[in-house]
Amino acid sequence: MSEISNKPFDALGCENCAVTIPGYLLGEISAQEKRCRQHLQKCAQCREQMWQMQQLIDNLNQAEVELPNDLTANILAAIPKRQWTNRKFVASQRSWLGAAVAVLLSFAVLWLNYWRQPPLSLPPGKESFPDNKHRSARIIAASLRWLATNQENDGSWSAEKWGGEKKYTIALTGLAVLVLLENHGDAGVRARGIDYLLNQQSPQGLFGSSENGDLYNHGIATLALLKASSQSRSRAKALTKPITAAISYICSQQNACGGWQHSLADQSEVSLSLWQLQALLEAASQGHRHLDVPISVGLAWLQRTVLDLEIGLGTSAIAGSLLCHGNRIDHHNRREVLEHLKNRSSSRLPVWDYYHCFFISTMLRRIDADNNHNRISLKQQLLRNYIARGPYQGSWAPIDHWSKAGGRIYATVFAIRTLKSF
Amino acid sequence: MELRPCSDSLLMQQIQQGNQQAFIALVHKYQHPLYNFFWFMNCSPTESEDLVQEVFLRLFRCCANYRPKAKFSTFLYTIARRAWIDHLRKDQRHRHRKLEQANDIADPNEYQLALENKIDVQNALGQLSEKLRSVLVLAIYQQLKYQEIAEVLAIPVGTVKSRMYLALRQLQEIFSERNIEQTV
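Residues numbered from 1 in each chain as written. Chains lettered and ligands numbered in written order. Predicted model: local features only at pLDDT ≥ 70, side-chain atom pairs only at ≥ 80, totals over all residues.

1. Points about the overall build of chain A
- Across its full length, chain A carries 18 helices and zero strands.
- A total of 422 residues make up chain A; the buried ones form 39% of that total.
- Considering only intrachain contacts with a sequence separation of at least 6, the fraction spanning at least 24 residues in chain A is 67%. (Helix = DSSP H or I, 4+ residues; strand = E, 2+ residues; numbered from the N terminus. Buried ≥ 20, exposed ≤ 12 C-beta atoms within 10 Å, placed from the backbone. Contact = placed C-beta atoms within 7 Å.)

2. Some points on the overall build of chain B
- Summing up its helical and strand segments, chain B has nine helices and zero strands in all.
- The burial tally for chain B puts 43% of its 184 residues in the buried class.
- In chain B, the share of contacts with a sequence separation of at least 24, taken over all contacts with a separation of at least 6, comes to 65%.

3. A short note on the environment of T412 of chain A
Residue and element names in this part refer to chain A.
- With respect to the secondary-structure elements, T412 resides in helix α18 (residues 403-421).
- On a C-alpha basis, the gap between T412 and N385 in space is 9.6 Å, while along the polypeptide they are 27 residues apart.
- Those residues in contact with T412 that sit more than four places away from it in its chain are S143, W146, L147, S395 and W396.

4. Quick notes on the packing of helix α8 (residues 169-182) of chain A against α18 of chain A
Residue and element names in this part refer to chain A.
- Contact geometry of α8 with α18 gives a least axis separation of 10 Å together with a crossing angle of 25 degrees. One finds that α8 runs roughly parallel with respect to α18. Like other packed secondary-structure pairs, α8 and α18 cross with a definite hand, here left-handed. For the pair α8 and α18, contact is made by L172, L175, A176, V179 and E182 and by G406, I409, Y410, V413, I416, R417 and K420, respectively. (Axes fitted to C-alpha atoms, helices over the stretch in contact; angles between N-to-C directions. Parallel < 35°, antiparallel > 145°, perpendicular 65-115°, else oblique. Left-handed = near helix turned anticlockwise from the far one by under 90°.)

5. So, the nonpolar core
- Formed by 72 residues in total, the largest nonpolar core has its most connected members in F38, V52, V135, L136, A139, I149 and A167 of chain B.
- Per element, the largest residue contribution to this core is 12 residues, and it comes from helix α2 (residues 20-40) of chain B.
- Non-local contacts of A167 of chain B, meaning those with residues more than four positions away in its chain, are made with L128, L132, R133, V135 and L136 of chain B.
- Grouped together as the second largest cluster of nonpolar side chains are 67 residues, Y168, A171, L172 and Y410 of chain A included. (Core = buried A, V, L, I, M, F, W, Y, C linked by C-beta atoms within 7 Å.)

6. Topic: the packing of α8 of chain A against helix α10 (residues 214-231) of chain A
All names here are of chain A.
- Following both chains from N to C, one finds α8 and α10 inclined at 25 degrees, their axes separated by 8 Å at the closest point. Accordingly, the angle class assigned to the pair α8 and α10 is roughly parallel. With respect to the hand of their crossing, α8 and α10 are arranged in left-handed fashion. Across from I170, A171, G174, L175, V177, L178 and L181 in α8, the residues of α10 making contact are Y216, N217, I220, A221, L223, A224, K227, A228 and Q231.

7. Section: the environment of G158 of chain B
- Mapped onto the elements, G158 of chain B comes out in helix α9 (residues 157-183).
- G158 of chain B sits 12 residues away from Y146 of chain B along the chain, and the two C-alpha atoms are 8.7 Å apart.

8. Digging into unusual backbone geometry
- Backbone geometry places H290 of chain A, a non-glycine residue, at a positive phi of 60 degrees.
- Within the secondary structure layout, H290 of chain A lies in the loop between α12 (270-285) and α13 (292-307).

9. Re helix α7 (residues 130-140) of chain B
- Burial runs high along α7 of chain B: nine of the 11 residues are buried.
- Those residues of α7 of chain B that fall on the buried side of the exposure criterion are L132, R133, S134, V135, L136, V137, L138, A139 and I140 of chain B.

10. Observations concerning α8 of chain A
Residue and element names in this part refer to chain A.
- Between the first and last C-alpha of α8 there are 20 Å, a value that for 14 residues agrees with the 20 Å anticipated at 1.5 Å per step.
- Within α8, 13 of the 14 residues are buried, which leaves the element mostly enclosed by the surrounding structure.
- With its phi angle positive at about 50 degrees, H184 sits one or two positions after the end of α8. (Expected span 1.5 Å × (residues − 1).)

11. Some thoughts on the environment of I29 of chain A
All names here are of chain A.
- The residue I29 is located in the loop between α1 (15-25) and α2 (31-42) in this model.
- Using a count of 13 C-beta atoms within 10 Å as the deciding quantity, one classes I29 as partly exposed.
- It is 8.7 Å that separates the C-alpha atoms of I29 and G390, two residues lying 361 residues apart in sequence.

12. Section: the confidence of the model for chain A
All names here are of chain A.
- In the predicted model, chain A carries a mean pLDDT of 77, and the fraction of residues at 70 or more is 70%.
- Predicted confidence in chain A is weakest over helix α6 (residues 96-116), with a mean pLDDT of 47, and strongest over α8, with 95.
- Contacts of residues 1-12 to residues separated by more than four positions or lying in other chains number 16 contacts, the stretch itself having pLDDT below 50.
- This model gives residues 106-130 a pLDDT under 50, and the stretch forms 20 contacts once residues within four places in sequence are excluded. (pLDDT = per-residue confidence, 0-100.)

As structure tokens, this is what we get:
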């Protein structure tokens, strides 16, 4: 500790806490870290410092470097095979009997190895460590726990508290409910989230305000309620009226061209429209009537806007559009679009993007279930952002472009959905 | 508690008995963390690769001495740190290799943004003293606990804690100065 004794600190009484913050963030659990936690609850200045350090640690984690392709082979080649057979690994034997047993065992091991073991080099395509589904399941469970723990008293998930924009609280609550429903999360938490969403609906059927959060809030909340309705018969009756009103509102906001737009925008926007279309498609699959026209017009618009363009295609927009089209897609350049998707996903993402990763991994699973290579690569990139220790354990680092709007809740929800898709 | 099909200690025991597959399993598990360790200790990609090979070679040679008293990762990073120190003694030209590193990475157009970020972080880490950098790299990229870092570096846990804090504070300053420079 002598190395820091001469450094000035931000505030009197915060000195010990400041030094302990990194350990607290990294999951050290000594008595001092526990005292630090208590101090952080009271001291806004130290909390601010903690946020900054967490942000720095998240960014440092992002900088992890890729492994050279041939490193495994080079490591194994550095140890000639004969060294395995010539080598005495076990410490010297103390008795003649022990030595004799060791020699016999060595022969047995060598004999078994000779017949049973493949050569040191690995076959192409098997370089990566075997996928561990148990680990993914544990991470998903921990992430769901983190979401449940951080639900607000009113049933929402605060955007602002976790680094997002306040106007997206309804959308983030809808996403959290959605992911809890998809993964059979805590029923009480889900119910409180659904109640919060219902409380935000206006008499016109809109979730939130038309000027605040736009249709993102509405489309995502509607989709979450539809999923809730499909999973619980007891709840379905109570949800019928609000869902019907919400769907009517979506239809009323559809532009003549088939897309949806932000309140202040002058043209339809793909990402926003994808959520409205997903809600309509889900509603239609649950037997809601009179949706054929808005769906077909919406899909036609998506096809014209996204799939027909060959230059500057946004990969997540394409993947999302294809997901909405499902099996209906019958497009002249379907093959090229799918190839384009595969190629775009085969390389490492230059900049991390949870949104992109979710759509692309879900789409890859559908179009190319046998080829796991691209999905394993995406999964490896995804897992680097998981916070495995410290006070944010279970959440995902909000480090991509969209995290500025959705914060840690958005990052965690999309990471869970993506991990589930692998 | 993480379920593991085979613990590191068990793998080491199997290696001691001449099981090559156990060695391959350890290589798969630790080659990437080790590569990151050397990269962020300011080695070039080629040096990092050579040093990872060197660590596994040393591990192979001394595996008979391994006793599962300490955690395997502590044992491994002690080897890694020694390999790194030996490398520094051999080659004092290890600093400021930005250009060389940039040229070593294939396909710069594809990964330009990510690469810039990595080189940026590596250069920022390069401005820390080696004492601070070792602690930070072991804690962040190798995810070692303070106690394990103390064992690898043979220093008290309290020193690990204070070095970690100082490393992060200095990095914050380095990055904020850069942001100011970019803004100006």
